[in-house]
Structure formats: structure tokens, C-alpha cells
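# Per-entry structural report
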Amino acid sequence: MKTNLSQVFVKRVKCEAGKSKQEFYDNEIQGFMLEVRSSGAKSYYVRTSVDGKRVAKKIGDAKVMDIKSARVKAMKLKRAIEEQKDIVLGKSTKEKKKASVLTLGVFYDTYYLPYIKKHIKSYETNISIFKNHLLPKYKNTPMDQISKASIMKLHSDMVVKKKLAPATANKVLIFLSSAFNIAIDLEIDGVSQNPTKGIKEYKLNNAKERYITKEEANRLLEAINSTEQNIHLKYIIPMLILTGARRGEVLKAKHEDFNLNQMTWTIPTSKNGKKRILPITPQLLELYNKIPRDDSEYLFASPVTGKPYVSIYNSWNSARTKAGLKDVRMHDLRHSFASALVNSGRSLYEVQTLLGHSTSTMTQRYAHLSNESLMSAASCAGSLVG
């Protein structure tokens, strides 16, 4: 059977009663498997075919070798078997060397995709960058032939010629660099250096700040209440404003995460991979009780799929345009939440905790709001000498 082989799985799995052995094939590396015997013995193997015959190569004892080491050795064995095929078929040394270095396309399908799906929570952006920018240029290029000069030109052309955002061009560098680091970590033959090293990213000004006023919030909510594009939008947007939560956290919220006895909303896994607990304020409780209930475990399940919405952009864009707030992004509601807290005299530490920032760096963007409040307060002393 196929499964996700992990160290925990290897340690706990046992051979079913009545069977002499069982084989568990890995979802990530084709042919990589764990053999578990009724005696309790566990071994890693690689299975492949040579000249139409199935071949099994033992990697090692699973009780001695950890899963990461086994994966690396499995890939080396697979490569060695492929090279042996080349020798049998009579390929030249030059051809064999060329064939031994994976193209970026093959590496992406075989190693990169399985890796990001397992280790990165929101990997859709990685896939988009590869499919739209990296694979069209390097899909058939061996990884050892992707040069720094070529990458620098791609990075520059995206902004200068294609007029794309510098942030998008930087993602190309970041994700390509990550792919090479993964290849090096896995000891992929022929990949020993990262050609992106030393290439400077574009400097970004990501401190774009837009805070909605009370009047703007009322206009926005009025526009949302008058739209019929999404039945849940009139609950989703107020929830974003009241909690400062991220869009994905609200869209994936489950009823079981709301403890009305302790008045807390638990976000199981936030962007930084950690659990976060938010207080259920009276306003949030009132809103929660208004949300229509159905058989779904989610607060906001799509009527079509029964699962969380993939996107609510169209209905959101329609509402903000109707309210005359075309420049307001959904993420600005999170900024506005933070702004309201700081201007009410709450500390940056409290803001950091409620927003779920892993460090204070991101929260520091709101420090100027605190300074403005202090300036306003200090100015009151002017009445003493006025």
C-alpha cells in the first residue's frame, strides 16, 4: 500500500496478524518502500525495473537508519540503477553524464512538488511562480546549466520588459534558490552549487498602509449587505474587522474551534505554524450567533462544494467598488484592527499577540501610530502655557 512514510509511522507500524510481511510504498519517491515482517524486522528498499525485470535493492535496517538518510540513499540507488541502464544500452560517457543531471522540469515533478506539499502550508504561490516564470524558461535545462547570468536576466526582464511587480520577480529568485537548496540537501547528482547565490533582490516598500475609518467601515458594510454575490460575505468581512485575523484563518474557521464557555476562538495553525487563541468579544459573539448554521463543520462553507471558499475576491471587489473604496485591500482590514488597538492605547506587544506575529518586526510598522497618540496626549500640556 502507498502512504506518507515518516519517522513516526516507521516506528509505530506493525505487521498485520496472519501476514508474514507487509510492504508500504512512499508517496514521494517512486519505488521507495518499507518492508515490515511479522518478526518485527523493518527494512528500507528501492524497487525499480531493469530490462523489464523488477529489481529490489535493500537500503538498510529501519531500526538503525532514520527516514531522511534512507530517502537520500534511495535516490542515490535509483540514480545508480539508471546509470547502469545507460551502460547496458551502450550510451557514451558524455551522453551518460548529460542524462545524469536532472532538468529543472524533472526535478520539479519528482522532488520539488512532493517536498513543498509536505512542508509548506500555502504552496500555491510556489506552483504559480514555477509554472508561469521558471518552467517556461528552464523546464528542459539541466540544473547544472542554469547560470547566474541567465537568472539575473530573467529577474531583470520581469520588471523592466514585462512590467511585473518587483515582489513577483523576487519570488522567482526565492523559490528557485529554495529548489537548488533542496536539490543540494538531497545530494542530487550534478547539483553542487546554487546559482542564485549573490543575486540581489529588488528593494521593496511593503509598508503600504491603508486604514479604514469608522465612516468607511459603515459604507463598506452597507455595500456588502446590499450585494447578493456571496451569502457569507456580510459575516466574513465584519469578522475580519473585529478580529484582525487573516483571510484564510476566517475562511477555514470551524465551529469546533469556538469555545463559548471560555469565550475563545482557537486558530489551530496560523501562518507561522503555531496555534493562536483569540478572545470572543461581545461584538464577535453577536456576529457568530447570526451566522447561518448548516451541516458543515465550517462557519463559511461554499454552497457548491461544502468546503471553505477558495476565493471570495469577486464578491469582495464588487462590494468595495460599490462603497467607493476600490483602493482598500482585504488585508487592510487587518491593518485597521491593529490601528484601532494602538490608537486606543494598547501596547505593541498586545497587538503582536492578537495578530499572531512570531516576532515584533512586523508589528513595528504600527509604532508610528503609537507615537501619534503620544504626541496628541503630550500636546495637552500646551494648555498650561497657552
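Only a predicted model underlies this, so the values are computations on that prediction, with no experimental measurement involved.

### A word on the overall build of the chain
- When its secondary structure is counted, the chain shows 15 helices and eight strands.
- For the chain, whose C-alpha radius of gyration is 27 Å, the value lies well above the compact-globule estimate of 21 Å for 386 residues.
- The buried share of the chain, reckoned over its 386 residues, is 42%.
- With an accessible surface of roughly 22,500 Å², the chain has 52% of that area assigned to carbon and sulfur atoms.

### Remarks on the nonpolar core
- By size, the foremost hydrophobic cluster in this structure holds 51 residues, and its most contacted members are Tyr-44 and Phe-107.
- If you tally residues by element for this core, the top one is helix α7 (residues 166-185), at nine residues.
- With residues near it in sequence (within four places) discarded, Phe-107 still touches Leu-102, Tyr-112, Met-143, Ala-179, Ile-182, Ala-183 and Ile-188.
- Formed by 35 residues, the second largest nonpolar core is a distinct cluster that contains Ile-212, Ile-291, Phe-300 and Ala-319.

### Regarding helix α9 (residues 233-243)
- Extensive coverage of α9 is indicated by the burial of eight of its 11 residues.
- Looking only at α9, the buried set comprises Leu-233, Tyr-235, Ile-236, Ile-237, Pro-238, Met-239, Leu-240 and Thr-243.

### Some thoughts on the environment of Asn-371
- Here Asn-371 lies in helix α15 (residues 367-379).
- For Asn-371, a relative accessible area of 48% translates into the label partly exposed.
- Each C-alpha atom of the pair Asn-371 and Asn-343 lies 9.4 Å from the other, and the pair is 28 residues apart in sequence.

### Quick notes on the confidence of the model for the chain
- Model confidence for the chain is summarised by a mean pLDDT of 86, while 90% of its residues fall at 70 or above.
- The model gives residues 87-99 a pLDDT under 50, and that stretch makes seven contacts with residues more than four places away or in other chains.

### As for the packing of aromatic side chains
- What the rule picks out here adds up to eight aromatic pairs.
- Between Tyr-112 and Phe-130, the ring centres sit 4.6 Å apart and the planes meet at 35 degrees, which makes this aromatic pair tilted. In this pair, Tyr-112 is assigned in helix α4 (residues 104-119) and Phe-130 in helix α5 (residues 124-138), connecting sequence segments 18 residues apart.
- Judged by centre distance (4.7 Å) and plane angle (15 degrees), the rings of Phe-258 and Tyr-288 are stacked. With a gap of 30 residues between them, Phe-258 in strand β6 (residues 258-259) and Tyr-288 in helix α11 (residues 282-290) connect regions that are remote in the sequence.
- The exposure class assigned to Phe-258 is buried, which follows from its relative accessible area of 8%.
- One aromatic cluster in this structure is built from Tyr-108, Tyr-112 and Phe-130.

### A short note on α4
- The end-to-end C-alpha distance of α4, which contains 16 residues, comes to just 20 Å, noticeably less than the 22 Å that a straight helix rising 1.5 Å per residue would cover.
- Where α4 bends most, the angle comes to about 40 degrees, and this point is Tyr-112, followed within four residues by the proline Pro-114.
- Among the residues of α4, Leu-104, Gly-105, Phe-107, Tyr-108, Tyr-111, Tyr-112, Leu-113, Pro-114 and Ile-116 are the ones counted as buried.

### A closer look at the pattern of salt bridges
- Applying the stated criterion across every chain yields a total of 17 salt bridges.
- Notably, a salt bridge pairs Asp-327 with Arg-210, separated by 2.7 Å at the nearest N-O pair. With Asp-327 in the loop between α12 (313-322) and α13 (332-343) and Arg-210 in the loop between α7 and α8 (214-225), the pair connects residues that are 117 residues apart, well separated along the chain.
- A salt bridge links Asp-332 to Arg-329; the nearest nitrogen and oxygen atoms lie 2.8 Å apart.
- The exposure class of Arg-329 is partly exposed, given its relative accessible area of 29%.

### Description of the side chain of Thr-141
- Within the secondary structure, Thr-141 is located in the loop between α5 and α6 (148-160).
- If we ignore the near neighbours within four places in the chain, the residues touching Thr-141 are Leu-102, Thr-103, Leu-104 and Ile-146.

### Some words on unusual backbone geometry
- One non-glycine residue, Glu-187, adopts positive backbone phi at about 60 degrees.
- Relative to the elements of secondary structure, Glu-187 occurs in the loop between α7 and α8.
- On the basis of relative accessible area, Glu-187 is assigned to the partly exposed category, the value being 41%.
- A positive phi angle, near 55 degrees, is found at Met-263, a position not held by glycine.

### Some details on the packing of α4 against α7
- Between α4 and α7, the shortest axis-to-axis distance is 11 Å and the interhelical angle comes to 85 degrees. Taken together, the axis directions place α4 and α7 in an arrangement best described as roughly perpendicular. Residues Leu-104, Phe-107, Tyr-112 and Tyr-115 of α4 form the contact with α7, whose participating residues are Phe-175, Leu-176, Ser-178, Ala-179, Ile-182 and Ala-183.
- Class assignment of the residues belonging to the contact of α4 with α7 gives a composition of nine nonpolar, one polar and no charged.

### Regarding the packing of α5 against α6
- Orientation of α5 relative to α6, taken along the N-to-C sense of each, is 140 degrees, at an axis distance of 12 Å. By the angle between their directions, the pair α5 and α6 is classed as oblique. For the pair α5 and α6, the crossing hand works out as right-handed. The residues of α6 that touch α5, namely those facing His-133, Leu-134, Lys-137 and Tyr-138, are Ser-150, Ile-151, Leu-154 and Met-158.
- Residues of the contact of α5 with α6, tallied by class, amount to five nonpolar, two polar and one charged.

Analysis parameters
Residues numbered from 1 in each chain as written. Predicted model: local features only at pLDDT ≥ 70, side-chain atom pairs only at ≥ 80, totals over all residues. Heavy atoms only, no water. Helix = DSSP H or I, 4+ residues; strand = E, 2+ residues; numbered from the N terminus. Rg over C-alpha atoms; globule rule 2.2 N^0.38 Å. Buried < 20%, exposed > 50% of the residue type's maximum accessible area, 1.4 Å probe, protein only. Areas by Shrake-Rupley, 256 points an atom, 1.4 Å probe, with all protein chains shown as cover. Core = buried A, V, L, I, M, F, W, Y, C linked by side-chain atoms within 4.5 Å. Contact = heavy atoms within 4.5 Å. pLDDT = per-residue confidence, 0-100. Phe/Tyr/Trp six-rings, centres within 6.5 Å; stacked < 30°, edge-to-face > 60°. Expected span 1.5 Å × (residues − 1). Bend = angle between axes of the 7 residues up to and from the residue. Salt bridge = Lys/Arg side-chain N within 4 Å of Asp/Glu carboxyl O. Axes fitted to C-alpha atoms, helices over the stretch in contact; angles between N-to-C directions. Parallel < 35°, antiparallel > 145°, perpendicular 65-115°, else oblique. Nonpolar A, V, L, I, M, F, W, Y, C, P; charged D, E, K, R; others polar. Left-handed = near helix turned anticlockwise from the far one by under 90°.

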